[in-house]
Amino acid sequence: MLLRAYPDFAKLPGTRGERQWSMTGYDLDARGRPIDVRTIGGTGNVPLDAAARKAVSASRFTEGKRQGCLYPYWRAALRIAAPPAPDIARFGATPHCVAAPWAQQPRLTYPPAWNHRRIEGWAVIQFDVAPWGEIGNTRVLASEPAEAFGQQATQVIRSARRAPSPTGASGCIERVRFAIPPDGQVGIDDFGDDRAPR
């Protein structure tokens, strides 16, 4: 391959919560130019199929005839916003337990299956903190739109450590929000009481 052309995916229609794809077949002539460019399969997104064929036609390869080449193009799913998150005060505990600050910040990772589908979510997690800073006794108080966000948020909380303190703390509550940043990359953009980790 000398040049791989790509469609302008942002200008193509997408589907909320579902990735679109198009598999393009082609042969190469003696100069390495694609010929007999055709759509082999996909999700039926006609504009994506057309853009994929155009991109393959604009691609260039080393000299030599070849047959039966294939290349897939993917159009990311459109974002599905999370349901409204509750105020963590409604769970009957002080939103911020008396505890030392984070000595090791939570490792923010998105649930993989929901990442691909660009579906946002949140979870409310309760936990205790040992005097030496270890997080334990984690439990999911609520999560939406699926249990997977609660499971992932539990791992996020467990990945952290508080600074050592004389007594530790119990009944701490944090809300972890999983959101799609404005630039389109998938990730967690918020943690806890509407405060990004620092």
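Residues numbered from 1 in each chain as written. Predicted model: local features only at pLDDT ≥ 70, side-chain atom pairs only at ≥ 80, totals over all residues. Heavy atoms only, no water.

Caption draft 1: Focus on unusual backbone geometry. For the peptide bond that leads from Glu144 to Pro145, omega is 5 degrees, which places it in the cis range. With respect to the helices, strands and loops of the structure, Pro145 is situated in the loop between strand S6 (135–144) and helix H3 (147–158). Look at Arg118: it is not a glycine, yet its phi comes out positive at around 55 degrees. Mapping Arg118 onto the fold places it in the loop between helix H2 (112–117) and strand S5 (121–129). (Helix = DSSP H or I, 4+ residues; strand = E, 2+ residues; numbered from the N terminus.)

Caption draft 2: Quick look at the sheet that holds strand S2 (residues 34–42). With respect to topology, three strands assemble into an open sheet ordered S2-S1-S3, the strand pairing being antiparallel. Here the strands that pair on one side only, and so sit at the sheet edges, are S2 and strand S3 (66–75). Here the strands of the sheet are splayed against their neighbours by 25 degrees on average, with no regard to which way each runs. Bridge analysis of strand S1 (residues 20–28) against S3 gives eight bridges, and the strand direction is antiparallel. When the sheet's bridge partners are listed, Leu28 is paired in S3 with Arg66. On the sheet, helix H1 (residues 46–58) packs against S1, S2 and S3 and is oriented at approximately 35 degrees with respect to S1. (Pairing = 2+ DSSP bridges. Axes fitted to C-alpha atoms, helices over the stretch in contact; angles between N-to-C directions. Contact = heavy atoms within 4.5 Å.)

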